[in-house]
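# Architecture and fold: a report
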Amino acid sequence: MNKTILITGGAGFIGSHVVREFVNKYPAYRIVNLDALTYAGNLENLKDIEDKPNYTFVKADITDAKHIMEVFQEYKPDGVIHLAAESHVDRSIADPSAFVMTNVIGTVNLLNAAREIWKNDFEGKRFHHVSTDEVYGTLGETGLFTEETAYDPHSPYSASKASSDHFVRAYQDTYGLPVVLTNCSNNYGPNHFPEKLIPLCIHNILNNKPLPIYGDGKFTRDWLFVIDHAKAIDLVFHQGKNGQSYNVGGFNEWQNIDLVKELCKQMDEKLGRPEGTATQLITFVKDRPGHDLRYAIDATKINQELGYKPSVTFEQGLSITIDWFLSNQEWLDNVTSGEYQSYYAKQYN
Ligand code: NAD
Ligand code: DAU
């Protein structure tokens, strides 16, 4: 093994795709997946690669500084790709503390551990922090987020991610730690946890339950297929410049209501139900507090500097995603039993 790469949050939605991409593409790397297996972490997401010789799983909580230091001392990673986080905005509104602990303190624990084991010898080392476009706050009807857009987070989730981004940059500026950051738009795809809009609606359409649309449904998000995010992370991790941030997105904006109608159309077709069946489930509900109106990424920098382009159109990606959920209903049943039921009842009833 010529390098050890430690990926945090590798059992989650995006992390599992990043782990798979690295394990399959780089057989000479040892990939260590460090994850606490919270409600959002699921080793079922990695069944197809768990026996690969270059893959190791370590159960650890990034808020536990002592354990994290032990893991770093044992595996001595050359690179860290940090995805572990509390990731859902609505949960952050209900309970911000867990977001501060994992997203801020957890990130600082990882930075300290990297600094400790790398000492001041940073040759061939890299800390890649995976962040979000939500740190930029909200856009009006026009404009795009660039890497120069000032941070203006509104939810406890985005405030915690913004804080972690600042710590990552501060470690580069203060200690010379070699870091890169990516700020990505909304992901969708296989293994997406059904607390988020798209998989929640897929699950509810399958069960003939209401599709809850916050406010007037005119809020806009910029959607990227999760495997295209994983490919962007690979590119930036290997070719990005130290100290730089790269926005990642697909120039693919949808108002929530239009997106859900498109999803309903494709679901009706695939389920052989009459057109219009699923749209009848659309229900407008109370808005999310502090709801950002519009996110849209200007991905020119990653495109021009690193040649990045998403590989699928939104229509293709959505179709692949729906097919995956239809073929993996046991996965969906498993993740929607237990804790999900009480979360759902509290959030939507
Ligand atoms: P997710 O909620 O699906 O997965 C998070 C993973 O982190 C889970 O496996 C969970 O077990 C693990 N985790 C949580 N707390 C932990 C802790 N204290 N210690 C160790 N592991 C812990 O999240 P996701 O949607 O896959 O997002 C991954 C990363 O990408 C996050 O940092 C998120 O901010 C960022 N991001 C997400 C999106 C998106 O659309 N989902 C877009 C841009 C950026
Ligand atoms: O922009 C990147 C971010 O995208 C990531 O950093 C976050 O981790 C990820 O969760 C996602 O945040 P959003 O809040 O945009 O995603 P969510 O799927 O929760 O909501 C998408 C839009 O749909 C948003 O405008 C809120 C709305 N919505 C969401 C839910 C869950 C509804 O109208 N109804 C719902 O039930």
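Right above here is the structure, for reference.
Predicted model only: the values in this text are computed from it and were never measured.

Conventions and cut-offs
- Residues numbered from 1 in each chain as written.
- Chains lettered and ligands numbered in written order.
- Predicted model: local features only at pLDDT ≥ 70, side-chain atom pairs only at ≥ 80, totals over all residues.
- Heavy atoms only, no water.
- Helix = DSSP H or I, 4+ residues; strand = E, 2+ residues; numbered from the N terminus.
- Rg over C-alpha atoms; globule rule 2.2 N^0.38 Å.
- Buried < 20%, exposed > 50% of the residue type's maximum accessible area, 1.4 Å probe, protein only.
- Contact = heavy atoms within 4.5 Å.
- Pairing = 2+ DSSP bridges.
- Axes fitted to C-alpha atoms, helices over the stretch in contact; angles between N-to-C directions.
- Phe/Tyr/Trp six-rings, centres within 6.5 Å; stacked < 30°, edge-to-face > 60°.
- Lys NZ or Arg CZ within 6 Å of the ring centre and 35° of its normal.
- Near = heavy atom within 4 Å.
- Polar contact = N/O pair within 3.5 Å; in protein donor to acceptor, adjacent residues only side chain to side chain.
- Areas by Shrake-Rupley, 256 points an atom, 1.4 Å probe, with all protein chains shown as cover.
- Salt bridge = Lys/Arg side-chain N within 4 Å of Asp/Glu carboxyl O.
- Expected span 1.5 Å × (residues − 1).
- Nonpolar A, V, L, I, M, F, W, Y, C, P; charged D, E, K, R; others polar.

## Some points on the overall build of the protein chain
In terms of helices and strands, the protein chain carries 12 helices and 12 strands. The C-alpha radius of gyration computed for the protein chain amounts to 20 Å, which stays within 12% of the reference 20 Å derived for 349 residues, consistent with globular compactness. For the protein chain, the C-alpha atoms occupy an extent of roughly 60 × 45 × 40 Å along the three principal directions. Here the protein chain holds 349 residues, and 55% of them are scored as buried. Of the contacts formed within the protein chain by residues at least 6 apart in sequence, a portion of 83% connects residues at least 24 apart.

## Some points on the sheet that holds strand E10 (residues 245-248)
A sheet is described by the order of its strands in space; here seven strands give the open sequence E3-E2-E1-E4-E5-E6-E10, paired in parallel fashion. Of all strands in the sheet, those bounded by a partner on one side alone are strand E3 (55-59) and E10. On average, each strand axis in the sheet is tilted by 20 degrees relative to the strand beside it, whichever way the strands run. One ladder, built from five bridges, connects strand E2 (residues 29-35) with E3; its direction is parallel. Looking at E3, one finds that valine 32 is bridged to threonine 56. The sheet strands contacting helix H5 (residues 156-175) are strand E5 (126-132), strand E6 (179-184) and E10, and the helix crosses E5 at an angle near 155 degrees.

## Brief notes about the packing of aromatic side chains
One pass over the full model with this rule turns up 20 aromatic pairs. Taken together, a centroid distance of 5.9 Å and an interplanar angle of 70 degrees make the contact between phenylalanine 22 and phenylalanine 237 edge-to-face. With a gap of 215 residues between them, phenylalanine 22 in helix H1 (residues 13-25) and phenylalanine 237 in helix H7 (residues 226-239) connect regions that are remote in the sequence. As far as the burial class goes, phenylalanine 22 and phenylalanine 237 line up, both buried. Between tryptophan 254 and phenylalanine 314, the aromatic rings sit 5.0 Å apart at their centres with planes inclined by 45 degrees, giving tilted as the arrangement. Residue tryptophan 254 is found in strand E11 (residues 253-255), and its partner phenylalanine 314 is found in helix H10 (residues 314-327); the two are separated by 60 residues along the sequence. The residues tryptophan 254 and phenylalanine 314 share a single accessibility class, namely buried. Connected via pairs of aromatic rings, a cluster forms that spans Tyr39, Phe193, Tyr214, Tyr340, Tyr343, Tyr344 and Tyr348. Here the guanidinium or amino end of arginine 221 rests over the ring plane of tyrosine 295, the centre of that ring lying 3.9 Å away.

## Section: the sheet that holds strand E7 (residues 186-188)
Taken together, the three strands give an open sheet; going across it, the order is E7-E9-E11, and neighbouring strands pair in mixed fashion. Each edge of the open sheet carries a strand with a single partner, namely E7 and E11. Each neighbouring strand pair of the sheet contributes to a mean axis angle of 50 degrees, computed without reference to strand direction. Two strands pair when backbone bridges link them, and E7 and strand E9 (residues 220-225) are joined in this way by three bridges, in the parallel orientation. Of the residues in E9, the one forming a bridge with asparagine 186 is tryptophan 223. Contacting E9 and E11, helix H8 (residues 256-271) crosses the sheet at an angle of about 90 degrees to E11.

## Describing the site of ligand 1
With respect to spatial proximity, 28 residues lie near ligand 1, and among them Ile14, Asp35, Ser87, Tyr157 and Lys161 are the closest. The backbone of isoleucine 62 places a nitrogen or oxygen atom 2.9 Å from a nitrogen atom of ligand 1. A distance of 2.6 Å separates an oxygen atom of ligand 1 from a polar side-chain atom of serine 87. Contact with the protein chains hides 96% of the accessible area of ligand 1, taken as 840 Å² for the molecule alone.

## Here we look at the pattern of salt bridges
Applying the stated criterion to the full structure yields 14 salt bridges. With its nearest N and O atoms 2.9 Å apart, the salt bridge here joins lysine 270 to aspartate 323. You can see lysine 270 sitting in helix H8 and its partner aspartate 323 sitting in helix H10, a full 53 residues away along the chain. Here the residues in one salt-bridge network are Arg91, Glu195, Lys196 and Glu339, joined through shared partners.

## Digging into H5
Between its first and last C-alpha atoms H5 spans 28 Å; for 20 residues at 1.5 Å apiece the expected length is 28 Å, and the two agree. Along H5, the residues classified as buried are Tyr157, Ser158, Ser160, Lys161, Ala162, Ser164, Asp165, Val168 and Tyr171. Buried residues along H5 sit in contact with helix H3 (89-94), helix H4 (97-118), E5 and E6. Remark: glycine 176 follows H5 within two positions and exhibits a positive phi of approximately 80 degrees.

## Things to note about the site of ligand 2
Near ligand 2 you find 24 residues, and of these Thr132, Asp133, Tyr157, Arg288 and Tyr348 are the closest. At 2.8 Å, a backbone N or O of tyrosine 214 approaches an oxygen atom of ligand 2. In this structure, an oxygen atom belonging to ligand 2 sits 2.9 Å away from a side-chain N or O atom of asparagine 256. About the coverage of ligand 2: the protein hides 95% of its 690 Å² of free accessible area. At the level of secondary structure, the elements contributing two or more residues to the shell around ligand 2 comprise H3 and strand E8 (211-214). The dominant element in the shell around ligand 2, judged by the number of residues it contributes, is E8, at three residues. Looking at the shell around ligand 2, its residues break down into 10 nonpolar, seven polar and seven charged.

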